[in-house]
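# Survey of secondary and tertiary structure
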Amino acid sequence: MPAPNRRVLVRSIDDIGIEEVPVPRPGEDELLIRSTVVGVCGSDTHAALGHHPFIELPYRPGHEVVGVVAAAGANAADFAPGTRVIVEPNLYCGRCAQCRSGRYNICRDLEVFGCQTPGGMTDLFTIPAGRVHRVPEGMSDFQAALVEPLATPVHAVAKAGDLTGRTVAVLGAGPIGLLVLAAARHAGAARIVATDLLDTKRERAVRLGADEALPADAADSVAKAHAVLGGPADVVFDCVAREQSMAQAVDLVAKGGRIIVVGVGSPGATPIRLDLVQDREIRVEGSLMYTAGDYRTALDLITSGVIDADAIITATYPLEQAGEAFAAALRPEHVKVLVTVTAP
């Protein structure tokens, strides 16, 4: 076991370093996990910039984690040392009405491993055994690192209902938007339009399956999207969650359609045309994280080759270069940036 135990500490986007902490001991229901690969999420960079409404600085990141069991508590012996696992990071109470109904992703007292608690961007960490999934035989660590970020789009697409033969608009062609696009296509969407401000992201959206990708700020983007889709979109996925994207979503969606808010908004009020929401019977719904079923679906999509890891993972950095990894994740040429962890 490495000594000391290295852990990434984020004070700001310009102050990301390594702290040394003791190697933790697993409790009776916990596993000691040795990290191998950790993704840098949009929530991570959002937090490092001081813009995330639910993550306070400083914080210790790492919720997109692949690792290997190093030791198991007395009640977690089903996970033998050497078992490869991925973390499902929602830490829920199991007692509230939401948890009892199976919607533990919106637990009343939800905390997220690596957001509100120290995460897995470290050499070794502990986590309850119930919060991990085994990595299937034949799946690489890099492929496994996409399960958590894919589970969020899978959950959002499921909330939209049956997409077979329907038309979809995806606002924002960053990592989550691209994975929403892939999940929506796999769910049967007939035509998909994506929007983004950047040429490079629009080009990537088309390569990954969008029928058309349009400039988000163009005056005629709504009209052009309607032309591509053959009319207003049945479902709009807002992966940006800003005033401008919500206004565009209301203009894009059909009467009786749905807007699924997937992106994390900024704190405070966001104006929206309630007169149009009411008059057109538009359903606006948030989508938070995932549950175990979404993880299983994400695993299946990756295993079956629906998601091409090589097209999504665009850079890797060692743990000691976590600051560089965060900086890279902010650059538009990247989709998913990974941090690799090896013992010092």
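Notes on the structure in this doc start here.

The rules behind the values
- Residues numbered from 1 in each chain as written.
- Predicted model: local features only at pLDDT ≥ 70, side-chain atom pairs only at ≥ 80, totals over all residues.
- Heavy atoms only, no water.
- Buried < 20%, exposed > 50% of the residue type's maximum accessible area, 1.4 Å probe, protein only.
- Helix = DSSP H or I, 4+ residues; strand = E, 2+ residues; numbered from the N terminus.
- Arc of directions from axis to C-beta.
- 1 Å grid on protein atoms, 1.4 Å probe; cavity = no way out; pocket = protein on both sides within 12 Å on 5 of 7 lines; lining within 4 Å.
- Points joined across faces, edges and corners; volume = space filled by probe spheres on them.
- Nonpolar A, V, L, I, M, F, W, Y, C, P; charged D, E, K, R; others polar.
- Pairing = 2+ DSSP bridges.
- Axes fitted to C-alpha atoms, helices over the stretch in contact; angles between N-to-C directions.
- Contact = heavy atoms within 4.5 Å.
- Salt bridge = Lys/Arg side-chain N within 4 Å of Asp/Glu carboxyl O.

Let us look at helix H7 (residues 221-229). Residue pairs spaced three or four apart in an α-helix point in one direction, given the helix's 3.6 residues per turn. Taken together, the buried positions of H7 are Ser-221, Val-222, Ala-225, Val-228 and Leu-229. The buried side chains of H7 occupy one side of the element, clustering within an arc of 125 degrees when seen end-on. Within H7, the exposed residues directed more than 90 degrees away from the buried face are Ala-223 and Ala-227.

Right, let's get into empty space enclosed by the protein. This structure, assessed with the given rule, holds one cavity of 30 Å³ or more. In this model, the largest cavity occupies a volume close to 40 Å³. Broken down by secondary-structure element, the contributors of at least two residues to the lining of the largest cavity are strand E4 (64-72), strand E5 (84-87) and helix H4 (147-159). Per-element accounting of the lining of the largest cavity gives the leading share, three residues, to E4. Taken together, the residues that form the lining of the largest cavity break down as eight nonpolar, no polar and two charged.

What follows deals with the sheet that holds strand E15 (residues 283-286). The strand order E12-E11-E10-E13-E14-E15 describes an open sheet built from six strands, whose pairing is parallel. The sheet is open, and its two edges are formed by strand E12 (212-215) and E15, each paired on a single side. Each adjacent strand pair in this sheet contributes to an overall mean axis angle of 20 degrees, direction not counted. The pairing of strand E13 (residues 233-238) with strand E14 (residues 253-261) spans five bridges and is parallel. Within E14, the position partnered with Asp-238 by the bridge is Val-261. Packing of helix H5 (residues 175-186) onto the sheet brings it into contact with strand E10 (167-171), strand E11 (191-196) and E13, and relative to E11 it is tilted by some 175 degrees. Taken strand by strand, helix H8 (residues 243-252) contacts E10, E11, E13, E14 and E15, and its axis lies near 150 degrees from that of E14.

Right, let's talk about the pattern of salt bridges for a bit. According to the stated counting rule, one finds 16 salt bridges in the structure shown. Residues Glu-19 and Arg-60 are paired through a salt bridge, measuring 2.7 Å at the closest nitrogen-oxygen approach. Of this pair, Glu-19 sits in strand E2 (residues 15-21) while Arg-60 sits in the loop between helix H1 (42-48) and E4, and the two are 41 residues apart along the sequence. For Glu-19, a relative accessible area of 17% puts it in the buried group. What makes Arg-60 partly exposed here is its relative accessible area of 24%. Glu-88 is paired through a salt bridge with Arg-131; the nearest N and O atoms lie 3.3 Å apart. Residue Glu-88 is located in the loop between E5 and strand E6 (90-91), and its partner Arg-131 is located in the loop between strand E8 (124-128) and strand E9 (132-134); the two are separated by 43 residues in the primary sequence. Owing to a relative accessible area of 7%, Arg-131 belongs among the buried residues under this scheme.

Attention now moves to unusual backbone geometry. Of note, the bond from Leu-57 into Pro-58 is cis; its omega dihedral lies within 30 degrees of zero at -5 degrees. Structurally, Pro-58 can be placed in the loop between H1 and E4. Even without being a glycine, Met-289 presents a positive backbone phi close to 55 degrees. Tracing the sequence through the fold places Met-289 in the loop between E15 and helix H10 (292-303). On the basis of relative accessibility, which here comes to 11%, the residue Met-289 falls in the buried class.

So far we have only geometry, and geometry alone does not tell us how the molecule works.
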